[in-house]
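Each chain, written out:
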Amino acid sequence: MDKKEITKQDLEKAKRLRNVRASHHLTQEKMAERLDVAYTVYQRMESGRNNITLTHLNKLKQEFHVSSDYILFGEVNDEIHFEYEFEGMTKNEKFGFMVRLLAHLCRLNDSEYDTLIKDIEKLLDIK
């Protein structure tokens with residue numbers, strides 16, 4: 001039997017799948033149960049050796065509200081998917097991201113800053 005060549009894209013999809021699992025504090029065994037697959041099948045999916053099927057993508061959407069665009073392509077369009085992506089970052093990557101975010105916030109003019117603060121207060125229901 002030929003072994004599947006694991007591509008960079010396979011590894012990236014596998015990492016995003018791991019991020020979803022980790023953000024829900026699930027073991028591989030529990031994640032396999034939630035996706036209704038055998039543990040070994042899930043292990044191979046998370047290592048990039050097995051492809052993620054449409055059935056798996058549909059289960060991820062139903063169980064975890066994860067879009068197939070996030071798993072397949074890494075598209076982060078909302079805070080849920082951003083949290084999954086952030087979960088998968090190393091401490092150094094998180095630190096670098098926070099530094100870039102702070103640098104961006106420092107470049108805001110007063111009006112943009114005030115608007116941002118009001119939006120955050122609304123989001124957090126702060127008065």
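In this text, all values refer to a predicted model and were calculated from it rather than measured experimentally.

Conventions we followed
Residues numbered from 1 in each chain as written. Predicted model: local features only at pLDDT ≥ 70, side-chain atom pairs only at ≥ 80, totals over all residues. Heavy atoms only, no water. Phe/Tyr/Trp six-rings, centres within 6.5 Å; stacked < 30°, edge-to-face > 60°. Helix = DSSP H or I, 4+ residues; strand = E, 2+ residues; numbered from the N terminus. Salt bridge = Lys/Arg side-chain N within 4 Å of Asp/Glu carboxyl O. Buried < 20%, exposed > 50% of the residue type's maximum accessible area, 1.4 Å probe, protein only.

Focus on the packing of aromatic side chains
Inference 1: Throughout the structure, instances matching the rule amount to one aromatic pair.
Inference 2: The interplanar angle of 70° and the centroid separation of 6.0 Å between the aromatic rings of F86 and F97 together place this pair among those described as edge-to-face. You can see F86 sitting in helix α6 (residues 79–87) and its partner F97 sitting in helix α7 (residues 91–106), a full eleven residues away along the chain.

Comments concerning the pattern of salt bridges
Inference 1: Scanning the entire structure with this criterion turns up five salt bridges.
Inference 2: In this structure, R34 engages E63 in a salt bridge whose closest nitrogen and oxygen atoms are separated by 2.8 Å. You can see R34 sitting in helix α2 (residues 28–35) and its partner E63 sitting in helix α4 (residues 54–64), a full 29 residues away along the chain.
Inference 3: Its relative accessible area of 29% is what places E63 among the partly exposed residues.

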